[in-house]
Amino acid sequence: FRYSVIRLTVSSLSPAPGDNGKTIRLRLQVRRVHEDAGLFLGSKLLILRMLHEPAWNYDLDFQYQATGPLGEVLDSDTILDDDLAASKVDTIIEQVSIESIDDDGQRALYKIIVADKKWPRHLREGQSWNSAAYA
């Protein structure tokens, strides 16, 4: 496993070109905030886990509560189970690429295409969160 201790920011959400608005292109700025953060990886599972983190929270009784379709399909147990999460990843994430890494290797810009526009419904441009996602 490679653990990431990073800060993520949604830089853009837009329809992916050429698919009549079915899929969404998401640009995600990733910044290392701890020296133990691993390499920037183009892993779909890593991205899925990163995108899942803001897709849920705890209710007043400390029970899992989804904040959008991604959190409804993947609960906190499923996303942490490598086999279960891997079985879902291709139905949610179509493509992951790293568009750029800055000169000092501390920031990267990812381009992600999700399979359906509903998956990033819990995200907004400019939204940020910390992550300890792994793959």
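Residues numbered from 1 in each chain as written. Predicted model: local features only at pLDDT ≥ 70, side-chain atom pairs only at ≥ 80, totals over all residues. Heavy atoms only, no water.

Some details on the overall build of the chain
Then step 1. A tally of helices and strands in the chain yields four helices and seven strands.
Then step 2. Across the chain, helices and strands are ordered from the amino to the carboxyl terminus as β-β-α-β-β-α-α-α-β-β-β.
Then step 3. Computed over C-alpha atoms, the radius of gyration of the chain comes to 14 Å, within 12% of the 14 Å expected from 2.2 N^0.38 for 135 residues, which places it in the range of a compact globule.
Then step 4. Considering only C-alpha atoms, the chain reaches an extent of 45 × 40 × 30 Å along its principal axes.
Then step 5. Long-range contacts, defined as pairs at least 24 residues apart, comprise 63% of the intrachain contacts of the chain with a sequence gap of at least 6.
Then step 6. Looking at charge distribution, the chain has the averaged site of its 16 positive side-chain charges lying 7 Å from that of its 20 negative ones. (Helix = DSSP H or I, 4+ residues; strand = E, 2+ residues; numbered from the N terminus. Rg over C-alpha atoms; globule rule 2.2 N^0.38 Å. Contact = heavy atoms within 4.5 Å. Lys, Arg positive; Asp, Glu negative; His and termini not counted. Charge placed at Lys NZ, Arg CZ, Asp CG, Glu CD.)

Brief notes about the confidence of the model for the chain
Then step 1. Per-residue confidence for the chain averages 87 on the pLDDT scale, and 93% of its residues sit at or above 70.
Then step 2. Element-level pLDDT for the chain is lowest in strand β1 (residues 6-15), with a mean of 84, against a maximum mean of 96 in helix α2 (residues 69-73). (pLDDT = per-residue confidence, 0-100.)

A short note on the environment of Gly 71
Then step 1. Its location among the elements puts Gly 71 in helix α2.
Then step 2. When the C-alpha atoms of Gly 71 and His 122 are compared, they prove to be 8.8 Å apart, with 51 residues separating the residues in sequence.
Then step 3. Not counting the four nearest positions on each side in its chain, Gly 71 is found in contact with His 52, Ala 55, Tyr 64 and Ala 66.

Structural notes on the pairing of β1
Then step 1. The pairing of β1 with strand β2 (residues 24-32) spans nine bridges and is classified as antiparallel. The partner of Ser 12 across the bridge, within β2, is Arg 27.
Then step 2. When β1 meets strand β7 (residues 128-131), the two strands line up antiparallel, connected through four bridges. Of the residues in β7, the one forming a bridge with Leu 8 is Trp 129. (Pairing = 2+ DSSP bridges.)

A closer look at the sheet that holds strand β5 (residues 93-101)
Then step 1. One open sheet accounts for five strands, arranged β5-β6-β2-β1-β7; its pairing is antiparallel. Either end of the sheet is taken by a strand with one partner, and the two such strands are β5 and β7. Across the sheet, the axes of successive neighbouring strands diverge by a mean angle of 30 degrees, strand direction being ignored.
Then step 2. Seen against the sheet, helix α1 (residues 44-52) touches β1, β2, β5, β6 (107-114) and β7 and runs at an angle of roughly 90 degrees to β5. (Axes fitted to C-alpha atoms, helices over the stretch in contact; angles between N-to-C directions.)

Things to note about the pairing of β6
Then step 1. For β6, the tally of buried residues reaches seven of eight residues, placing the bulk of the element in the interior.
Then step 2. Where β2 lies against β6, eight bridges are found, and the strand directions are antiparallel. Note that in β6 the partner of Leu 26 across the bridge is Ile 112.
Then step 3. Between β5 and β6, which pair antiparallel and follow one another directly, the connecting turn spans five residues, one of which, Gly 105, has a positive phi of 75 degrees. (Buried < 20%, exposed > 50% of the residue type's maximum accessible area, 1.4 Å probe, protein only.)

Here we look at the nonpolar core
Then step 1. Counting 30 residues, the largest nonpolar core has Leu 28, Leu 51, Ile 93 and Tyr 110 as its most contacted members.
Then step 2. Mapped by element, the contributors of at least two residues to this core are β1, β2, α1, α4 (82-92), β5 and β6.
Then step 3. Ranked by residue count, the leading element in this core is α1, at five residues.
Then step 4. Discounting residues that sit within four places of it in the chain, Leu 28 has contacts with Leu 8, Thr 9, Val 10, Ser 11, Leu 51, Ala 108, Leu 109, Tyr 110, Ile 112 and Trp 129. (Core = buried A, V, L, I, M, F, W, Y, C linked by side-chain atoms within 4.5 Å.)

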